[in-house]
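Chain and residue survey
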Amino acid sequence: NEKNMKYRIVRVENHLIDTVRYVIEREKSFLWSKSWTTELGLQDVIQNGPIGAPTYDGAIWKLNRIKVNRGNMVRRGVINE
């Protein structure tokens, strides 16, 4: 199902602290209902809060890494026994 995951980047402006952040969201569905969540469901990663960047280019870079690795963000391999 990782192949069919849909993502988007949302521009979030905080006028209280005068910041802009680009946040990655994943589409989720239940029966006939669809919505968007900042919980990306990444493997082997504890996600505390939304994933994003202060620039659009930074958010695109992270989104591409998520897509290329199909959500498996940590690789492990034995190099010596």
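A short tour of the structure in this document, coming up.

Thresholds, definitions, all that
Residues numbered from 1 in each chain as written. Predicted model: local features only at pLDDT ≥ 70, side-chain atom pairs only at ≥ 80, totals over all residues. Heavy atoms only, no water. Pairing = 2+ DSSP bridges. Helix = DSSP H or I, 4+ residues; strand = E, 2+ residues; numbered from the N terminus. Patch = residues over 30% accessible without salt bridge, like charges linked within 9 Å, V, L, I, M, F, W, Y side chains within 5 Å. Areas by Shrake-Rupley, 256 points an atom, 1.4 Å probe, with all protein chains shown as cover. Salt bridge = Lys/Arg side-chain N within 4 Å of Asp/Glu carboxyl O. Buried < 20%, exposed > 50% of the residue type's maximum accessible area, 1.4 Å probe, protein only.

With respect to the pairing of strand 3 (residues 33-37)
One ladder, built from 5 bridges, connects strand 2 (residues 19-30) with strand 3; its direction is antiparallel. Of the residues in strand 3, the one forming a bridge with Glu-27 is Trp-36.

Brief notes about a nonpolar patch on the surface
A surface patch of nonpolar side chains, amounting to about 500 Å² of accessible area, comprises Phe-30, Leu-31 and Trp-32. The topology assignment puts Leu-31 in the loop between strand 2 and strand 3. On the accessibility criterion, Leu-31 (67% relative accessible area) is exposed.

Things to note about the pattern of salt bridges
All chains considered together, the criterion is met by 3 salt bridges. A salt bridge links Glu-25 to Arg-8; its shortest N-O distance comes to 2.8 Å. Here Arg-8 lies in strand 1 (residues 7-14) and Glu-25 lies in strand 2, a separation of 17 residues in the sequence. Of the charged contacts, one joins Arg-76 and Asp-44 as a salt bridge, the two residues approaching to 3.8 Å between their closest N and O atoms. Here Asp-44 lies in the loop between strand 3 and strand 4 (52-53) and Arg-76 lies in the segment after helix 1 (56-68), a separation of 32 residues in the sequence. Using a relative accessible area of 69% as the deciding quantity, one classes Arg-76 as exposed. Given the relative accessible area of 51%, Asp-44 is considered exposed.

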